[in-house]
Amino acid sequence: MLRYVYNELPADEQQEIEDALLHDPELAETCADILLTQRTLDGLARNPRPATTATILQYSRTFLRM
């Protein structure tokens, strides 16, 4: 689970974080809350409708001509 979040750390630092989480319940709970929030937000990511993108692009083409 933590390797997903801290994959950029060297192995020894990852181990230190995992040890800290094992020995600090409050830290572990906070980390779990953050991971849940991250997953929830990732699931909410949306793309604009194609019509919206087209409108924005059209506006950007005419912006300086106004």
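**Q** Quick question: what am I supposed to make of the overall build of the protein chain here?
**A** The number of helices and strands found in the protein chain is four helices and zero strands. Ordered by position in the sequence, the α and β elements of the protein chain form the string α-α-α-α. Expressed as a percentage of its 66 residues, the buried residues of the protein chain come to 9%. For the protein chain, the exposed surface amounts to about 5,900 Å²; the carbon and sulfur share of it is 60%.

**Q** Just checking my understanding: could you explain a nonpolar patch on the surface for this structure?
**A** Together, Tyr59, Phe63 and Leu64 make up a nonpolar patch on the protein surface, roughly 380 Å² of accessible area in all. Checked against the element boundaries, Tyr59 lands in helix H4 (residues 50-62).

**Q** What exactly am I supposed to notice about the confidence of the model for the protein chain here?
**A** For the protein chain, the mean per-residue pLDDT works out to 84, and 86% of the residues sit at or above 70. Averaged pLDDT values over the elements of the protein chain bottom out at 53 in helix H1 (residues 2-5) and peak at 92 in H4.

**Q** I tried to follow a negative patch on the surface on my own but got confused; where do I start?
**A** Residues Asp12, Glu13, Glu16 and Asp19 make up a contiguous surface patch of negative charge. Relative to the helices and strands, Asp19 resides in helix H2 (residues 11-23).

Thresholds, definitions, all that
Residues numbered from 1 in each chain as written. Predicted model: local features only at pLDDT ≥ 70, side-chain atom pairs only at ≥ 80, totals over all residues. Heavy atoms only, no water. Helix = DSSP H or I, 4+ residues; strand = E, 2+ residues; numbered from the N terminus. Buried < 20%, exposed > 50% of the residue type's maximum accessible area, 1.4 Å probe, protein only. Areas by Shrake-Rupley, 256 points an atom, 1.4 Å probe, with all protein chains shown as cover. Patch = residues over 30% accessible without salt bridge, like charges linked within 9 Å, V, L, I, M, F, W, Y side chains within 5 Å. Salt bridge = Lys/Arg side-chain N within 4 Å of Asp/Glu carboxyl O. pLDDT = per-residue confidence, 0-100. Lys, Arg positive; Asp, Glu negative; His and termini not counted. Charge placed at Lys NZ, Arg CZ, Asp CG, Glu CD.

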